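# Coordinate inspection notes
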Amino acid sequence: MFWVVFVLLLLTVSLAAQAQVPEGWFPFVIGESGSESLANVASYSPRPAGAEGFVTWRDGHFYDGGGRRLRFLGTNVTFASAFPDKDLAPRIAARMAALGINCVRFHHMDMFHRPSGIWDPAFADHQHLDAEQLDRLDWFIYQLKQNGVYADLNLHVSRTLDANDGFENSDKLPDFGKGADNFTARMIELQRNYARDLLTHRNPYTGTTYAEEPCVALIELNNENSLLGFAYGSTLHNLPEPYRGELKQYWNDFLRSKYGDTAGLRNAWDEGTEPLGAEMLRNRDFAAGVADWVLESRNPQADVFEVADDPQAGRVLHARLNQLGVNPWDFQIHQLNLPLQEGKPYTLSFRMKADPERAVHVGARWQVDDWRNIGLDETIRVTPEWQAFTFTFRAHGVRATENRISFNCQNELGDVWLADVSLKPGGVLGLAADQRLEDGTVEFAAPRSTRQARRDWFEFIVELERRYTQGLYQYLKQDLGVRAAVIDTQATYGGLGGVWRESQLDYIDNHAYWQHPFFPGRPWDGANWTIGNTSMTRAHGSDTLTYLAQYRVAGMPYTVSEYNHPAPNDYRAECMPMLAAMAGLQDWDGIFQFDYGSQPSDWSEARIQGFFQMVTDPAAVAFFPVAANLFRRGDVQAAREEVRLGVPRAKVVDWLTDRTGDLPSLWREVGVPQAAAIQHRLALEWTDGSELSGRAVTVPEGEPTASDTGEITWHAEADKGAFLVNTPRTKVALGDFAGTEMRLGRVTLQFGPTSNGWVAFAITSMDDLPLRESRRMLVVAMSRVENQAMEWNERRTSVSDKWGHGPTICEQVPVKLTVLDRELRAWALDGAGQRVGEPCASGATLDLQAPTVWYEVGE
């Protein structure tokens, strides 16, 4: 009865609670919508999902079993929300369908034991599925199917294999074992076992296994996980044993198969040896105290920076961070003003220890904005025992004297000690003398390695990742009989190499967030975070949507399975209409809001729960029917022209080596700026040539940019933005329009004031007729949405852990609406999409000022 609670909350808001609502605001909660609700678009989803057969894909798009084009408007369920109580599941499924959702992504099922995850708490390991949770999952998916909603099943998202599963030192791996699970044989075996146990499990309510179930449309092997994504930095170099040893064995096997022996390898890698020159560091032995050394911290007066005597290392530099800073770089030791020369090799050596153990970034950088790397960028694991480190690198992009050597100790409380620091010109550029293929002792290539060594490294990683991905993919398809479309992970994970990896599977997927919360201290600290809190309408060309458009691959379906403008951003109501409009323009195949809610308890409280949950946030929910019309109904036409970037397959490894695999930079190289995605469809095309190809596109500066269909216009300035959609059946206005009058075709809008001058507005036909004829239209008018008593900081970038209480309140957006001079009436709608009393406005111009975000307009 959780939605009944919502209705009761609206009906029984006490006089005291009303007194707390600021003037110009009103309580509003969006709950269930019945079949007669104007906002209910469940009819868009044929029932049951998959009734005519499996989802197929061809010519770059998905099709249902009847051969009709299929676009997914989805959401995510995470943790316990994937296993709702059986009495709630039918209502949740019906509400999702009513909002236009036709696919649900099952995410983070694998992190916890019951009740928040799929693992059986009778076992300490993460290998036994819980029967009760499976039953809840089966029933939920059955209910979704009956409501015309497909499923996207995620396999490895957040399972951490630990000592209970027979894995030592797994706590020292990247989160959830990412990267390591792409090559560690035992981990791969357990991934297969989980896939087998889940996908061959027979759902008693549908009568099918998930491998053979038509409503399972998509399967993701991994979430945001790529071995290649870790290959650029020092993560793989710092893996604990036995994982590092296993990867090193594969690396040496690869080099042996390519070069035969050490002599052949040395001949390929060596770029020469230069004798070490004179010492470049000043006061390297700390005889003059801390002179010439700099501590960078947020509160240096509270921290320690001194020279000390150590019984093992002698005279050492000691630093202690006593107060946490705000940023990851708020605990660093530098030496500045180093006159490095372009293209010259340098060797940095030192000893270091730390208590507690920590990661330290060692780098050579500019000492002025933008502090760019100039040849050395290593991450080392520093323990309480003294360790010696030596790095040789070739300097590039240097300044005359404004260069520095830095030890970034990562804004973690505790002590670090530095000794025997030396920087000299010269060194060995190539295979070190003590490394031999015959002994399997060749170390991983690093960013400072020679070009051929780095190329071999990326060639090896790309092939190792391909073998892993293809092996698991074929296991699902051939051994388990999976019929769903399958990917490995998101294409941006691995840069250009990630796109190449996913291009060999069934479709392409990505994620993006506009102004994701930033956690300067402990990750996911609910009391210490900030957001940018600006509107994306003001950021055309540096926004998330035109960025995502650069990753579509010609001839393959394209989805975005996680997207959000997280709460409490004041402008987040723009999220779904912008996403749906751009997805329609770019002719994508699936878009998924993240997330519906992470706990079933979230669904019974009429307040904003946190950054991502849409279920109780009117700013996230209200535009879903509009999004369904823009994207699923096809109100926004696909751009007429497609601009393609031709990328040679044979150059992938070379460009990973030389260009860091940055795909957007390749678009810019052929003259296609990111902002061009508002004009035309973009697609990458793999070619057999040797050079990039593409046609340049000009984007007007300082002027509105329009799609080649004329239906979408975007104009962004530093403090103002305008995103407009003008189609026969739907009009959308997002931006800084408060207090202004505007026209969208023959629809005239005159907005009243809002506290920040920003509005989100849409009018859409709900009877499939164009607006000039429609007799049932839905209007959405919004600006800021908050909890009551939400406590913002002075800069309005955080509420810390003071999210306030419900019911949610919305700021009034007064608007005068004229639709082709038609004589119309308007009714205020409640949170269930039902009329509230008599018409609130009538005539050729409708003066809409009721306490609602939804109106019905008709004759």
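Residues numbered from 1 in each chain as written. Predicted model: local features only at pLDDT ≥ 70, side-chain atom pairs only at ≥ 80, totals over all residues. Heavy atoms only, no water.

## Quick notes on the overall build of the protein
Which entries qualify depends on this criterion: Secondary structure follows DSSP: runs of H or I at least 4 residues long count as helices, runs of E at least 2 residues long count as strands, and numbering of each begins at the N terminus. All radius of gyration figures rest on C-alpha atoms, and the globule criterion is 2.2 Å times the number of residues raised to 0.38. Each residue is placed in one exposure class: buried if its accessible area under a 1.4 Å probe, protein chains only, is under 20% of its type's maximum, exposed if it is over 50%, and partly exposed if it falls in between. We call two residues contacting when some pair of their heavy atoms lies within 4.5 Å. Residue burial considers only the protein chains on display, and all accessible areas are found by Shrake-Rupley using a 1.4 Å probe.
For the protein, the count of helices and strands is 15 helices and 41 strands. Against the globule reference of 29 Å for 859 residues, the protein gives a C-alpha radius of gyration of 29 Å, in line with a compact fold. Considering only C-alpha atoms, the protein reaches an extent of 90 × 60 × 60 Å along its principal axes. With 859 residues in all, the protein has 61% of them scored as buried. Excluding contacts between residues fewer than 6 apart, the proportion of contacts in the protein whose partners are at least 24 apart in sequence is 73%. If you sum the accessible surface of the protein, you get close to 31,100 Å²; carbon and sulfur atoms cover 48% of it.

## As for the packing of aromatic side chains
Stated precisely, the cut-off is as follows: Here is the rule: rings of Phe, Tyr and Trp (six-membered ring for Trp) pair when centre to centre is within 6.5 Å. Planes less than 30 degrees apart are stacked, more than 60 are edge-to-face, and the remainder are tilted. Either the NZ atom of lysine or the CZ atom of arginine qualifies as a charge over a ring when it sits within 6 Å of the ring centre and within 35 degrees of the ring normal.
Overall, the coordinates contain 40 aromatic pairs when judged by the stated rule. Ring geometry for tryptophan 119 versus tyrosine 194: centroids 5.2 Å apart, planes at 50°, classification tilted. Taken as a pair, tryptophan 119 in the loop between strand S6 (103–107) and helix H4 (131–146) and tyrosine 194 in helix H5 (residues 185–199) lie far apart in primary sequence, 75 residues in all. Residues tryptophan 119 and tyrosine 194 agree in their burial class; the two are buried. Where phenylalanine 519 meets phenylalanine 611, the ring centres are 5.9 Å apart and the plane angle is 85°; that geometry is what we call edge-to-face. A residue pair is termed long-range when its members are at least 10 positions apart, and phenylalanine 519 in the loop between strand S22 (508–513) and helix H10 (544–549) and phenylalanine 611 in the loop between strand S24 (590–597) and helix H12 (618–621) qualify at 92 residues. In this structure, phenylalanine 519 and phenylalanine 611 share a single accessibility class: buried. Joined through ring pairs, the aromatic side chains of Tyr513, Phe519, Trp524, Trp529, Phe594, Phe611, Phe612 and Trp803 make up one cluster. One cation-aromatic arrangement involves arginine 483 over phenylalanine 54; the distance from NZ or CZ to the ring centre is 4.0 Å.

## So, the sheet that holds strand S37 (residues 815–819)
Basically, it comes down to this: For two strands to be treated as a pair, DSSP must find no fewer than two bridges joining them. To obtain each axis, a line is fitted to C-alpha atoms, and for helices this fit is confined to the stretch in contact; angles are then taken between N-to-C directions over 0 to 180 degrees.
Spatial strand order, S31-S32-S37-S40: 4 strands in an open sheet with antiparallel pairing. The strands lining the two open edges of the sheet, one partner per strand, are strand S31 (741–744) and strand S40 (846–848). Going across the sheet, the axis of each strand differs from the next one's by a mean of 20°, ignoring polarity. Strand direction decides the pairing type here: S31 and strand S32 (residues 747–751), joined by 4 bridges, are antiparallel. Paired with methionine 742 across the strands is leucine 749, a residue of S32.

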